[in-house]
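One-letter residues, chain by chain:
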Amino acid sequence: PKHAAFLQNAKRRGGDRNLHARTLNAVLCFIENQCLEVLFDALEQNECVPKARCSLIFDGLMIPDTPDIRKVLESEPFPRTSFLDDVCQHIEDETGYRLQVVVK
């Protein structure tokens, strides 16, 4: 029932062909989008996406690599807690999903 709208939409668009896989894919894409929006907001609030300059790359965001942004990403707002740990916790608080956010 929680994702009934996704099931209805998948059925309307493609009938019963591979219905459960298409529905699951739609639900997971929706969840991923929620998490990426929260990630973007957290990065934007910490001036890591100047003028919203970033790219959606597969399952993450590519942001400019500048010394100032590196300093934020590598910072420890609290002892033994990194900025990225805080972002992970913020995503979980906002969406209910725990993600590991890393610099690649």
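For the structure, see preceding data.
Residues numbered from 1 in each chain as written. Predicted model: local features only at pLDDT ≥ 70, side-chain atom pairs only at ≥ 80, totals over all residues. Heavy atoms only, no water.

As for the state of the cysteines
Condition: The definition used for a disulfide is geometric: two cysteine sulfur atoms within 2.5 Å. Classification of residues uses two cut-offs on accessible area relative to the type maximum, computed with a 1.4 Å probe and protein chains only: under 20% is buried, over 50% is exposed, and between them is partly exposed.
According to the stated counting rule, one finds zero disulfides in the structure shown. The thiol of C35 is not disulfide-bonded; the next cysteine sulfur, from C88, is found 10 Å away. The buried category is assigned to C35, whose relative accessible area is 4%. No disulfide involves C54; its sulfur sits 11 Å from that of C48, the nearest cysteine.

Some remarks on the side chain of T95
Heads up, the rule is: Helix numbers and strand numbers start at the N terminus; a helix is a DSSP run of H or I with at least 4 residues, a strand a run of E with at least 2. N or O atoms closer than or at 3.5 Å make up a polar contact, with two conditions inside protein: a donor-capable atom paired with an acceptor-capable one, and, for residues adjacent in sequence, both atoms drawn from side chains. Residues are treated as being in contact if the distance between any of their heavy atoms lies within 4.5 Å.
Mapped onto the elements of the fold, T95 is located in helix α4 (residues 83-95). Of the polar contacts made by the side chain of T95, one reaches the backbone oxygen of I91; its length is 2.7 Å. A polar atom in the side chain of T95 sits 3.1 Å from the backbone nitrogen of Y97. With sequence-adjacent residues up to four places away left out, T95 is seen in contact with Q34, C35 and V38.

Points about unusual backbone geometry
A positive phi angle, close to 55 degrees, is found at K51, a residue other than glycine. With respect to the helices and strands, the residue K51 is situated in the loop between α2 (19-45) and β1 (55-57).

Quick notes on the nonpolar core
Note the threshold: Nonpolar core, defined: a set of buried Ala, Val, Leu, Ile, Met, Phe, Trp, Tyr and Cys residues in which side-chain atoms within 4.5 Å join the residues together.
Counting 19 residues, the largest nonpolar core has L39, L43, L73, F83, V87, I91 and V101 as the members making the most contacts within it. For this core, the secondary-structure elements that each account for two or more residues are α2, α3 (67-73) and α4. Ranked by residue count, the leading element in this core is α2, at nine residues. In contact with L43, other than residues within four places in its own chain, are C48, V49, L61, I63, L73 and F83.

Observations regarding a negative patch on the surface
Counted only if it meets this: Patch definition: residues with relative accessible area over 30% and no salt bridge; like charges joined within 9 Å; nonpolar side chains (Val, Leu, Ile, Met, Phe, Trp, Tyr) joined within 5 Å. All accessible-area figures derive from a Shrake-Rupley calculation using a 1.4 Å probe, and residue coverage is judged against the displayed protein chains alone. For salt bridges, the criterion is a side-chain nitrogen of Lys or Arg within 4 Å of an Asp or Glu carboxyl oxygen. Neither His nor the chain termini are counted; the positive set is Lys and Arg, and the negative set is Asp and Glu. By convention, the charge on Lys lies at NZ, on Arg at CZ, on Asp at CG and on Glu at CD.
Residues E37, D41, E44, D93 and E94 make up a contiguous surface patch of negative charge. Put simply, the parts of the chain that give the negative patch at least two residues each are α2 and α4. In terms of residue count, α2 provides more of the negative patch than any other element does, three residues in total. Within the secondary structure layout, D41 lies in helix α2.

A look at the pattern of salt bridges
In the structure shown here, the tally under the stated rule is four salt bridges. A salt bridge links R70 to D65; its shortest N-O distance comes to 2.8 Å. When its relative accessible area of 32% is taken as the criterion, R70 is described as partly exposed. Under the relative-accessibility criterion, D65 is labelled exposed at 58%. The partner of R98 in a salt bridge is E92, with the nearest N and O atoms 3.5 Å apart. According to the relative accessible area criterion, R98 is partly exposed, its value standing at 47%.

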